[in-house]
Amino acid sequence: MKQIRLHDTYFSLYISEDQIQERLEQIAQELNQTYLDKQLILVVVLKGAFMVASDLIKKLSIQPEIDFIRVSSYEGEMQSSGKVRNLLGLETDIQDRHVLLIEDIVDTGYTTSYLMEELGKKNPASLQMFSLLYKPANLKKGSPPDYIGFEIPPDFVVGYGMDYAQLGRELKDIYTRVTPPES
Ligand code: 5GP
Ligand code: MG
C-alpha cells in the first residue's frame, strides 16, 4: 500500500485520483441538470476546497459565477470546535441568487452549519452545499451536505487540497492516517 509521510505522521492511500475524478463527473452531471435554467453562484471555501472546486468546475457544462470565502479559525487547532468563526471574503451579492457552497470535508458540521446560516441571512433564492467528503458519524450540527462525494469513517485524511499542518494539499489522491501499531 502506497504510504507517505507528512511531518512526523504516516498516511496511506485511501481514495485514488481516478475514483475522485469519476465521482466528480457524476456530481457535475447532477449539477448540470439541477441548475440547467438557473444562474449558479459557486462559493468555494478556502483553503481546503480549492482543488476539488477547480476539478468540479471544469466538468460543468453550465456557466457558473465563482466566488471564494474563508473562515477564520484558530491556527494549529487539531480538533474541530464550536468556537466563534467569521465568514470572510464574499464579494458577490447573493440576494435572490442560486448559491452552491463547495467544501472539502464536513466533520462535526460546525463550520458548514455556520456558513449556511450566514449565507442564508443574505436571502439567496436557493442555497445548497456540496462536500467532497462527509463523516456522518461525527455530525453534531446542521444537515448533511446536499451533494456528497464520499462518506468516510471518522479518521483524519489529507491530500487533494486538505492539509496536515499545512502539508499535503498538493497530493492528487486522498490519504488516511495510519494508526500506529499497538506497543
Ligand atoms: P467541521 O467544522 O465540520 O468539524 O470541520 C470542518 C473543517 O475541519 C474542514 O473544512 C477541514 O478544514 C477540517 N477537517 C475536518 N476533518 C478533517 C480531516 O480529516 N482532514 C483534514 N485535513 N481536515 C479536516
Ligand atoms: Mg474546509
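Scroll up a little and you will see the structure.
Just so you know, these numbers come straight off a predicted model, no measurement behind them. (Residues numbered from 1 in each chain as written. Chains lettered and ligands numbered in written order. Predicted model: local features only at pLDDT ≥ 70, side-chain atom pairs only at ≥ 80, totals over all residues. Heavy atoms only, no water.)

**Focus: the coordination of the magnesium ion (ligand 2)**
Surrounding the magnesium ion (ligand 2) are the protein donor atoms Glu 103 (OE) and Asp 104 (OD), which sit 2.4 to 2.6 Å from the metal. Both residues of the pair, Glu 103 and Asp 104, count as buried. (Donors = N, O, S within 2.8 Å, 3.2 Å for Na, K, Ca; no water. Buried < 20%, exposed > 50% of the residue type's maximum accessible area, 1.4 Å probe, protein only.)

**Regarding the pattern of salt bridges**
Counted by the stated rule, this structure contains four salt bridges. Its salt-bridge partner being Arg 97, residue Glu 65 comes within 2.6 Å of it at the nearest N-O pair. Of this pair, Glu 65 sits in strand S4 (residues 65-71) while Arg 97 sits in the loop between strand S5 (87-88) and strand S6 (98-106), placing them 32 residues apart in sequence. Classification of Glu 65 by relative accessible area gives partly exposed; the value is 32%. (Salt bridge = Lys/Arg side-chain N within 4 Å of Asp/Glu carboxyl O. Helix = DSSP H or I, 4+ residues; strand = E, 2+ residues; numbered from the N terminus.)

**Section: the sheet that holds strand S3 (residues 40-46)**
What the six strands build is an open sheet, ordered S5-S4-S3-S6-S7-S8; its pairing is mixed. Single-partner strands in this sheet number two, and they are S5 and strand S8 (147-151). By the bridge criterion, five bridges tie S3 to S6 in an arrangement that is parallel. The residue bridging Val 44 from the neighbouring strand is Ile 102, located in S6. Relative to S8, helix H1 (residues 17-34) is tilted by about 160°, and along the sheet it contacts S6, strand S7 (126-134) and S8. The strands that helix H3 (residues 110-120) touches are S3, S4, S5, S6 and S7; relative to S6, the one it contacts most, it runs at about 165°. (Pairing = 2+ DSSP bridges. Contact = heavy atoms within 4.5 Å. Axes fitted to C-alpha atoms, helices over the stretch in contact; angles between N-to-C directions.)

**Regarding the packing of aromatic side chains**
Tallying each qualifying case throughout the model produces three aromatic pairs. Relative to Tyr 164, the ring of Phe 156 lies with its centre 6.1 Å away and its plane at 75°, an arrangement referred to as edge-to-face. The structure contains a cluster of three or more aromatic residues connected by ring pairs, namely Phe 11, Phe 156 and Tyr 164. (Phe/Tyr/Trp six-rings, centres within 6.5 Å; stacked < 30°, edge-to-face > 60°.)

**Let's talk about the environment of Tyr 147**
Among the structural elements, Tyr 147 can be located in strand S8. The buried category is assigned to Tyr 147, whose relative accessible area is 7%. Each C-alpha atom, one on Tyr 147 and one on Leu 100, is 9.8 Å from the other, the two residues being 47 residues apart in sequence. Excluding anything up to four places from it in sequence, Tyr 147 contacts Ile 27, Glu 30, Leu 31, Thr 34, Tyr 35, Leu 100, Gln 128, Met 129, Phe 130 and Ser 131.

**Let's talk about the side chain of Asp 104**
By secondary structure assignment, the location of Asp 104 is in strand S6. Arg 169 provides the closest opposite charge to the buried, salt-bridge-free Asp 104, at an N-O distance of 5.8 Å. Residues contacting Asp 104, with those up to four places away along its chain left out, are Gly 48, Ala 49, Ser 131, Leu 132, Leu 133 and Met 162. (Lys, Arg positive; Asp, Glu negative; His and termini not counted.)

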